[in-house]
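Report on the structure
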Amino acid sequence: MNERTRRKFLAGAAGSGTVAIAGCSDDDGSEATAGETDTPETQTEDPTATDDPDQSVDVLEHDKRIGAHYYAWYWGDDGWSGRNHASDEPNSWLADTPGTPTLGAYDTRNPEVVDRHIKWSLEHGINWWIINNGAPNTEIDHTIRDVIFESDLADHMEFTILFGGHQPSRTDDGFDFDDPDQREVLIERFEHWEETKVHDDNYLWIDGRPTMYFWDTRDYVGDVAGAFEEAADTVDVEPYLIAAPAYDDQPVAHTDLEAFDAVKDYQAISTDSAYMDRFREMTVKNQRRWAAASDHLDITFYPSVTPGFDSSVRDDGEHRVPIVERDIDAFRDECAALRGLADDDTIVVTSFNEWPEHTNVEPSEEEGTAYLESIADELARADWDAPDLGYQRLTLTFSETVSEGPRELGFMAREIRVDTDVETVEEPVGSLDETFAYVDGGYPGVPDEQGGRRWLGGSDQRAVLLVPASGSIERVVLEGRPIQAGITATAETTDGEIGSVTFGDDPDEYVLDD
């Protein structure tokens, strides 16, 4: 265990008096439903609450920002989680989880529960909560404002609100921001957020701007940048917008990031069983790729770590998303591998208490505080040494491209080989084993019986790749087929041009060198 400095303070030091912490429950949802428009009855008694004789909080001091997703949607059968994860069991939200919270079927409207959660967080290094939002004036919304923000321990925590697209307006293609209804709801959320959340003393501002996190941006289509600009124009603060691209996708797959200041994937899970079988390996590799790409994209990168994933109980035993088994050693390794990639010394844990997906680090009957302790050991420490990612920029420029729908195509690559003066790097294009970062002028990779393929080209007739290679790049070999004969491709790095080649009619190996 690393050496850490702890500062003990009485909970009453902020002027609220000493607190006994007990009980717990959570609530989340994004749409108003019947019976949710009034201020909730704050729960002062909870059958699961027990008196805590320890009146103090032993804050784990460090100089990092360690976030965790917090869910305020749990209370019996009537809370959002209970209604949406229903079963025939009492306290249905708890019946739909693979694990059992130490606090039992708690109620997040109970201030003592929230204090207990903040206490656990602070004592293990978590100092930032990203809280699921409810629609304006729902019970979840009031729980955030009247319970979480007013917690006795809130002064020692920072808060950000999580938002999502408007589900009733979702189409098969995703959340379409050309849809007036989607844009109108976004404006309403911005305005309510400014009125009720932004000016809380503990709300997180970055670069002088209040933060907003949009967890489902991977599903946004249409004029995303225009919609967010329109919504931002309706408030008197300039928001700091954090997007959630899919880190299991190549950066080039996300063309809507111009509206955002930072990226942080919620959780890089997938329905692809081959990918999920290698989840721990892939999430580290993919986040290294995004960290390298963030400089080119001019966007701040925040890594994301998770203990595991299992929604099978909630989904009646169906594994619509393959399970990622919880493994404390694997989680520690993931924390250690990813912490050094962070911009602004910031990393986020998914999650503190998303019980139906079993991503929680909140103490449980089965695992105690093991995951919180691993956060304290691996993240709440000074030595977040940034690794040398070793990526070099390689630009392939095409003399022309051919339009095919919205795409501008130059060359369909199956393998790219890069020879340097010290090594050869082979890229199995379109497969899970891709190591390059495709940041511009590329299209989604497609696995197939030959391995995989990816079209290169783009509206600027150039593809920008980041190549993990040592030494000086001397030669590039493209294996695949051009969109048509006669197109010339030129390869260059930051050190200058490498060489050119003119494509023929057939699939072949094309060599770009002197």
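A brief look at the structure comes next. The shown structure was predicted, so the numbers you read here are calculated from the model rather than taken from an experiment.

Thresholds applied
- Residues numbered from 1 in each chain as written.
- Predicted model: local features only at pLDDT ≥ 70, side-chain atom pairs only at ≥ 80, totals over all residues.
- Heavy atoms only, no water.
- Phe/Tyr/Trp six-rings, centres within 6.5 Å; stacked < 30°, edge-to-face > 60°.
- Helix = DSSP H or I, 4+ residues; strand = E, 2+ residues; numbered from the N terminus.
- Axes fitted to C-alpha atoms, helices over the stretch in contact; angles between N-to-C directions.
- Parallel < 35°, antiparallel > 145°, perpendicular 65-115°, else oblique.
- Left-handed = near helix turned anticlockwise from the far one by under 90°.
- Contact = heavy atoms within 4.5 Å.
- Nonpolar A, V, L, I, M, F, W, Y, C, P; charged D, E, K, R; others polar.
- Core = buried A, V, L, I, M, F, W, Y, C linked by side-chain atoms within 4.5 Å.
- Buried < 20%, exposed > 50% of the residue type's maximum accessible area, 1.4 Å probe, protein only.
- Pairing = 2+ DSSP bridges.
- Salt bridge = Lys/Arg side-chain N within 4 Å of Asp/Glu carboxyl O.
- Patch = residues over 30% accessible without salt bridge, like charges linked within 9 Å, V, L, I, M, F, W, Y side chains within 5 Å.
- Areas by Shrake-Rupley, 256 points an atom, 1.4 Å probe, with all protein chains shown as cover.
- Lys, Arg positive; Asp, Glu negative; His and termini not counted.
- Charge placed at Lys NZ, Arg CZ, Asp CG, Glu CD.
- Expected span 1.5 Å × (residues − 1).
- Polar contact = N/O pair within 3.5 Å; in protein donor to acceptor, adjacent residues only side chain to side chain.

**Looking at the packing of aromatic side chains**
A complete count under the given rule lists 30 aromatic pairs for this structure. With centroids separated by 6.3 Å and ring planes inclined at 90°, the aromatic side chains of Y275 and F279 adopt a geometry described as edge-to-face. For the ring pair F411 and Y510, a centre distance of 5.9 Å and an interplane angle of 90° mean the geometry is edge-to-face. Taken together, the residues span a long stretch of sequence, with F411 in strand β17 (residues 407-420) and Y510 in strand β25 (residues 508-512) at a distance of 99 residues.

**Some remarks on the packing of helix α9 (residues 328-338) against helix α10 (residues 370-378)**
Two elements in contact, α9 and α10, have axes whose closest approach is 10 Å; the angle formed by their N-to-C orientations is 25°. As judged from the angle between their axes, α9 and α10 are roughly parallel. Viewed along their axes, α9 and α10 form a crossing whose handedness is right-handed. On α10, the residues touching I328, F331, R332, C335 and A336 of α9 are A370, Y371, E373, S374, I375, D377 and E378. Here the contact of α9 with α10 is composed, by residue class, of seven nonpolar, one polar and four charged.

**Describing the nonpolar core**
With 111 residues, the main nonpolar core has W129, I148, F214 and F228 as its most contacted residues. Of the residues forming this core, the biggest block, seven residues, is contributed by helix α8 (residues 279-297).

**With respect to the packing of helix α5 (residues 180-196) against helix α6 (residues 224-232)**
Two elements in contact, α5 and α6, have axes whose closest approach is 9 Å; the angle formed by their N-to-C orientations is 40°. Taken together, α5 and α6 sit at an angle that is classed as oblique. When you trace α5 past α6, the crossing you get is right-handed. Contacts between α5 and α6 pair R183, L186, I187 and F190 from the former with G226, A227, F228, E230, A231 and A232 from the latter. Partitioning the contact of α5 with α6 into residue classes produces seven nonpolar, one polar and two charged.

**Quick word on the pairing of strand β14 (residues 346-349)**
Of the two faces of β14, the one carrying T346 and V348 and the one carrying I347 and V349 are both buried. Examined bridge by bridge, strand β3 (residues 65-70) and β14 share four bridges and lie parallel to one another. For R65, the partnering residue across the bridge sits in β14 and is T346. As defined by bridge partners, strand β13 (residues 304-305) adjoins β14 across two bridges and the pair is classed as parallel. By the bridge assignment for β14, V305 is matched with V349.

**Considering the pattern of salt bridges**
Using the criterion set out here, one finds 28 salt bridges in the structure. One salt bridge in this structure joins D345 and K64, with 3.6 Å as the shortest N-O distance. With D345 in the loop between α9 and β14 and K64 in the loop between β2 (56-61) and β3, this residue pair connects regions lying 281 residues apart in the sequence. Two residues, R414 and D448, come together in a salt bridge whose shortest N-O distance is 2.8 Å. With a gap of 34 residues between them, R414 in strand β17 and D448 in the loop between β19 (437-440) and β20 (454-457) connect regions that are remote in the sequence. Within this structure, R332, R339, D377, E378, R381 and D383 form a network of salt bridges that share partners.

**Remarks on the environment of H156**
Along the chain, H156 falls in the loop between α4 (139-148) and β5 (158-163). A C-alpha to C-alpha distance of 9.2 Å links H156 and W128, two positions 28 residues apart in sequence.

**Let's talk about the sheet that holds strand β23 (residues 488-493)**
Pairing is antiparallel in the open sheet, where five strands are placed in the order β19-β21-β15-β23-β24. Edge positions in the sheet fall to β19 and β24 (496-502), since each of these pairs with one other strand and no more. Strand-to-strand twist in this sheet, taken as the mean axis angle between neighbours without regard to direction, amounts to 25°. α8 contacts β15 (391-398), β19 and β21 (462-468) of the sheet and is inclined by roughly 25° relative to β19.

**A closer look at a negative patch on the surface**
A contiguous patch of negative charge on the surface is contributed by D421, E474, E492, E497, D513 and D514. For E497, a relative accessible area of 57% translates into the label exposed.

**Remarks on unusual backbone geometry**
Residue S351 follows T350 across a cis peptide bond; omega there is 10°. Tracing the chain through its elements places S351 in the loop between β14 and α10. Phi is positive for D298, which is not a glycine, with a value near 55°. Inspection of the secondary structure assignment puts D298 in the loop between α8 and β12 (300-301). At D345, a residue that is not glycine, the phi angle is positive and equals roughly 50°.

**A closer look at the environment of D433**
The topology assignment puts D433 in the loop between β18 (424-428) and β19. Aside from chain neighbours lying at most four places away, what touches D433 is R278, K285, E427 and P428.

**Observations concerning α8**
For α8, which comprises 19 residues, the first-to-last C-alpha distance of 25 Å matches the rise-based estimate of 27 Å (1.5 Å per residue) to within 8%. Burial analysis of α8 places 14 of its 19 residues in the buried class, which makes it a mostly covered element. Looking one or two places after α8, you find D298, whose phi comes out positive at around 55°.

**A closer look at α4**
Among the 10 residues of α4, eight are classified as buried, and the element is accordingly described as predominantly covered. Looking only at α4, the buried set comprises E139, I140, D141, H142, T143, I144, V147 and I148.

**Concerning the side chain of T350**
Relative to the assigned elements, T350 resides in the loop between β14 and α10. Taking relative accessible area as the criterion, T350 reaches 0% and is therefore assigned buried. A distance of 2.6 Å separates a polar atom in the side chain of T350 from the backbone oxygen of Y266. In this structure, T350 is in contact with H69, K264, Y266, Q267, S304, V305, T306, P307 and T359, ignoring residues within four places of it in sequence.

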